[in-house]
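Read off the chains here:
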Amino acid sequence: MPAALVWFRDDLRLDDQPALQAALAQEYAPIPVYVHAPEEEGDWAPGAASDAWRRRSLQALDAALRARGSHLTCVRGPTLAALQRLASATGAEAIFWTRRYEPAIERRDTELKRALRRAGLHTESHNGALLVEPWDVATKAGDPYKVFTPFFKAAIARMRTPRTWDAPAHLPPVAFDDAAAHAIDAPAIDALLPAPKHAWNRTFWSHWTPGEQGARDALRAFVPKVAAYPEGRDLPAMEGTSCLSPHLHFGEVSIARVYATIAQSDAPKDARIAFLRQLFWREFAHHLLHHFPRTTDHNLDPRFDDFDWARVDDAQLDAWKTGRTGIPIVDAGMRQLWHTGWMHNRVRMLVASLLTKHLRMHWLHGARWFHDTLVDADLANNTLGWQWVAGTGADAAPYFRIFNPTLQAKRFDPDGAYVRTWVPELGTPDYPPPIIDLATAREAALAAYARR
Ligand SMILES: Cc1cc2nc3c(=O)[nH]c(=O)nc-3n(C[C@H](O)[C@H](O)[C@H](O)COP(=O)(O)OP(=O)(O)OC[C@H]3O[C@@H](n4cnc5c(N)ncnc54)[C@H](O)[C@@H]3O)c2cc1C
């Protein structure tokens with residue numbers, strides 16, 4: 001049986017894994033590999049929370065492979081040289097992977113595929129992350145979509161009922177001879193992604209279990225909650241959302257598996273559609289990232305290029321990051337982020353709005369902080385989220401529509417349960433006064449918008 005490398009990236013699973021599936025279907029003996037090359041991700045290399053998650057997820061993948069008779073070989077980049085070295089040391093004739101859509105990675109993968117083919121290797125990339133790939137939907141004029149609802153309609157019409165494959169029960173062993181092992185120089189996962197020195201993330205792991213089993217458990221736990229999702233999804237105290245975002249980002253569960261599980265659940269149709277629609281925001285985000293790669297750092301709407309963002313006030317930015325703004329719902333969200341690596345979507349909108357509108361700081365300051373601290377940090381979703389809130393993006397909330405965090409808290413956290421969980425000192429002298437007057441800051445933001 002000839003050997004093939006199966007190159008794992010953000011698809012850290014064995015269930016419904018198209019690269020693995022394709023290698024097996026073509027009767028290759030798969031050699032599972034992971035290449036650590038954060039420097040190839042351009043300005044958006046994974047942040048600290050992502051690294052902490054990936055380390056655990058790779059360990060879980062290796063354990064799942066070992067339980068089937070195989071194992072994961074981890075090496076350092078540069079990726080092209082690493083894959084070539086691995087292929088020649090193992091005699092692999094082919095390389096299989098699933099596609100990613102981040103601009104730096106798309107560029108790298110295109111070059112890499114060309115170089116590997118020139119070197120005589122068979123290469124195949126597959127869709128393992130999206131329901132509909134970015135180039136599969138276009139407006140009547142052939143352009144990419146910039147508005148969600150028509151995108152959603154076109155994408156869902158284009159989508160085929162996803163097929164899913166179960167994880168293989170057994171895999172052929174990966175046996176390197178000594179010379180090959182020496183040539184490969186495969187460090188342990190711990191050496192590639194060491195545990196953070198100060199264990200700042202130790203509180204994460206009572207909330208999360210990285211890896212395929214954790215993803216499967218999260219999906220299973222969510223099924224009975226789908227019926228309540230339409231109302232529950234906006235209430236941060238309720239835990240009414242799926243918490244699948246980091247698992248989806250790292251590909252620990254396939255999007256097709258999530259879609260099929262919820263579509264076939266017993267929940268009322270409205271509730272199922274409300275949830276599946278959110279999955280299409282993720283699709284939309286990837287569509288935009290692929291077609292408008294500059295938007296990771298630049299406004300999608302060029303009318304904001306001359307916007308009068310405020311000069312960054314370090315003390316204010318720091319108060320925002322550490323949850324000490326004196327605005328309770330915002331502080332609750334920023335502390336939830338710091339302690340769990342995740343924040344409820346409604347609260348993400350509120351903290352982002354405060355930063356970009358009341359404090360009038362450029363959305364990139366917030367996007368960078370989220371990228372570093374979220375366990376679900378995802379260049380597509382994060383860029384869309386920040387540009388949406390800031391009013392600079394596709395189908396965005398207009399800049400002049402400014403959330404009032406006090407009213408939003410009354411509406412979405414009416415008995416204050418969420419705020420009390422994260423800001424227990426509220427109402428005591430330990431809680432800081434507000435760093436801004438909301439009404440004055442709102443007027444200043446509107447005035448800046450009018451000057452545009
Ligand atoms: C400023 C800002 C930044 C954000 N940054 C990220 C990010 O880095 N990574 C990330 O995954 N999401 C991001 N989001 C989107 C959203 O907040 C999270 O996907 C959601 O809170 C994850 O929780 P969940 O899995 O319980 O969501 P659920 O409500 O259960 O939704 C299921 C899945 O649908 C997708 N989804 C849901 N809402 C959105 C959305 N608005 N945009 C794109 N996809 C969505 C996610 O993959 C999510 O896991 C951001 C939103 C905002 C406003």
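All values reported here derive from a predicted model rather than from experimental measurement. (Residues numbered from 1 in each chain as written. Predicted model: local features only at pLDDT ≥ 70, side-chain atom pairs only at ≥ 80, totals over all residues. Heavy atoms only, no water.)

S.K.: What should I look at first to understand the UniProt feature "domain: Photolyase/cryptochrome alpha/beta" (unreviewed entry) in the protein in this one?
M.R.: The sites that carry the UniProt feature "domain: Photolyase/cryptochrome alpha/beta" (unreviewed entry) are, in the present numbering, residues 2-131. Helix makes up 42% of residues 2-131 and strand 22%, and the two end C-alpha atoms of the span are 31 Å apart. (UniProt positions renumbered as here; feature names shortened; annotations may be inferred. Helix = DSSP H or I, 4+ residues; strand = E, 2+ residues; numbered from the N terminus.)

S.K.: Mind showing me how you'd approach the nonpolar core here?
M.R.: Inside soluble globular proteins, nonpolar side chains tend to come together where they are buried. Among the nonpolar cores identified, the biggest contains 84 residues, and Phe275, Trp320 and Phe370 are the most heavily contacted of them. At nine residues, helix α12 (residues 269-291) tops the list of elements feeding residues into this core. Each of domain 2 (130-164 + 213-291) and domain 3 (302-451) contributes no fewer than three residues to this core. Residues within four places of Phe370 in sequence aside, it is in contact with Trp320, Leu337, Met343, Arg348, Val351, Ala377, Asn382 and Trp386. Listed in part, the 32 residues of the second largest apolar core include Phe8, Leu12, Ala22 and Leu193. (Core = buried A, V, L, I, M, F, W, Y, C linked by side-chain atoms within 4.5 Å. Buried < 20%, exposed > 50% of the residue type's maximum accessible area, 1.4 Å probe, protein only. Domains from an automatic or database assignment. Contact = heavy atoms within 4.5 Å.)

S.K.: What is the right way to look at the site of the ligand in this model?
M.R.: Neighbouring the ligand are 27 residues; Tyr229, Thr241, Ser242, Cys243 and Asn345 lie closest to it. Separating an oxygen atom of the ligand from a side-chain N or O atom of Asn381 is a distance of 3.0 Å. A distance of 3.1 Å separates a nitrogen atom of the ligand from a polar atom in the side chain of Asn382. Summarising the interface, the protein chains cover 95% of the accessible area of the ligand, which totals 810 Å² for the free molecule. Structurally, the ligand is housed in the largest pocket. Every element with two or more residues in the shell around the ligand is listed here: α10 (245-249), α12, α15 (345-358) and α17 (379-390). Ranked by the residues each element gives to the shell around the ligand, the list is headed by α12, at five residues. Of the residues that constitute the shell around the ligand, the class distribution is 15 nonpolar, eight polar and four charged. Domain assignment of the residues forming the shell around the ligand places at least three in each of domain 2 (130-164 + 213-291) and domain 3 (302-451). (Near = heavy atom within 4 Å. Polar contact = N/O pair within 3.5 Å; in protein donor to acceptor, adjacent residues only side chain to side chain. Areas by Shrake-Rupley, 256 points an atom, 1.4 Å probe, with all protein chains shown as cover. 1 Å grid on protein atoms, 1.4 Å probe; cavity = no way out; pocket = protein on both sides within 12 Å on 5 of 7 lines; lining within 4 Å. Sits in = over half its atoms within 2 Å of the grid points. Nonpolar A, V, L, I, M, F, W, Y, C, P; charged D, E, K, R; others polar.)

S.K.: Could you clarify how one ought to interpret the pairing of strand β1 (residues 3-8) in this entry?
M.R.: Consecutive side chains of a regular strand alternate in pointing toward one face of the sheet and then the other. When you tally the buried positions in β1, you get six out of six residues, the bulk of the element. Side chains Ala3, Leu5 and Trp7 project from β1 onto one buried face, and the interleaved Ala4, Val6 and Phe8 project onto a second face that is buried too. Read as a crossover between parallel neighbours, the route from β1 over helix α1 (residues 18-25) to strand β2 (residues 29-36) is right-handed. Pairing between β1 and strand β4 (residues 94-98): three bridges, direction parallel. In the strand pairing of β4, Ala4 is matched with Ala94. (Right-handed = clockwise from strand over helix to strand, strands pointing away. Pairing = 2+ DSSP bridges.)

S.K.: Could you clarify how one ought to interpret the domain arrangement of the protein in this entry?
M.R.: The parts lose accessible area when they come together, and the size of an interface is often stated as this lost area. Segmentation of the protein into domains returns domain 1 (1-129), domain 2 (130-164 + 213-291) and domain 3 (302-451). Each of domain 2 and domain 3 was reduced to a C-alpha centroid, and the two centroids are 25 Å apart. In this complex, domain 2 contributes 22 residues to the contact, which on the side of domain 3 involves 20 residues. Summing both partners gives a buried area of about 1,700 Å² for domain 2 against domain 3, and 64% of it is carried by carbon and sulfur. Among the residues of domain 2 in contact with domain 3, Asp234, Pro236 and His249 are the three that bury the most area, contributing 30% of the side total. Our count for the domain 2 to domain 3 interface comes out at one salt bridge. Taking the shortest distance from any N to any O, the salt bridge between Asp234 and Arg346 comes out at 3.1 Å. For the interface between domain 2 and domain 3, the tally reads eight residue pairs in polar contact (both at pLDDT 80 or more). (Buried area = accessible area lost by both parts, 1.4 Å probe. Salt bridge = Lys/Arg side-chain N within 4 Å of Asp/Glu carboxyl O.)

S.K.: Just to check I follow, could you spell out the layout of surface pockets for this structure?
M.R.: The probe, sized like a water molecule, is rolled over the atoms to show the empty space still left. For the largest pocket, the calculated volume is near 1,200 Å³. Lining of the largest pocket is provided by 38 residues; of these, Arg233, Gln278, Trp281, Asn345 and Asn381 occupy positions nearest its centre. Its residues assigned to classes, the lining of the largest pocket shows 20 nonpolar, ten polar and eight charged. Residues from two domains meet in the lining of the largest pocket; each of domain 2 (130-164 + 213-291) and domain 3 (302-451) gives at least three. (Points joined across faces, edges and corners; volume = space filled by probe spheres on them.)

S.K.: What is the right way to look at unusual backbone geometry in this model?
M.R.: Note on backbone geometry: most residues besides glycine have negative phi, and most peptide bonds are trans. Cis geometry marks the peptide bond from Gly77 to Pro78; its omega dihedral reads 5°. With respect to the helices and strands, Pro78 occurs in the loop between β3 (73-76) and α3 (79-90). You will see that Asp16, though not glycine, has its phi angle at about 45°, which is positive. Looking at where Asp16 falls in the secondary structure, it is placed in the loop between β1 and α1. Residue Glu239 is not a glycine yet carries a positive backbone phi of 55°. Locating Glu239 in the fold gives a position in the loop between α9 (229-232) and α10.

S.K.: How should empty space enclosed by the protein be read in this particular structure?
M.R.: This model, assessed by the stated rule, comprises three cavities of 30 Å³ or more. Volume-wise, the largest cavity comes out at about 190 Å³. Of all elements in the fold, only α10, α12 and α17 reach the threshold of two or more residues within the lining of the largest cavity. With three residues, the single largest contributor to the lining of the largest cavity is α12. For the lining of the largest cavity, the residue count by class is eight nonpolar, five polar and seven charged. Space inside the second largest cavity adds up to approximately 160 Å³. Considering the residues around the second largest cavity, the lining is formed by 15 residues, among which Tyr34, Val35, Ala37, Glu41 and Arg100 are closest to the centre. For the lining of the second largest cavity, the elements supplying multiple residues, two or more each, are β1, β2 and α2 (48-66). Split by residue class, the lining of the second largest cavity holds seven nonpolar, one polar and seven charged.

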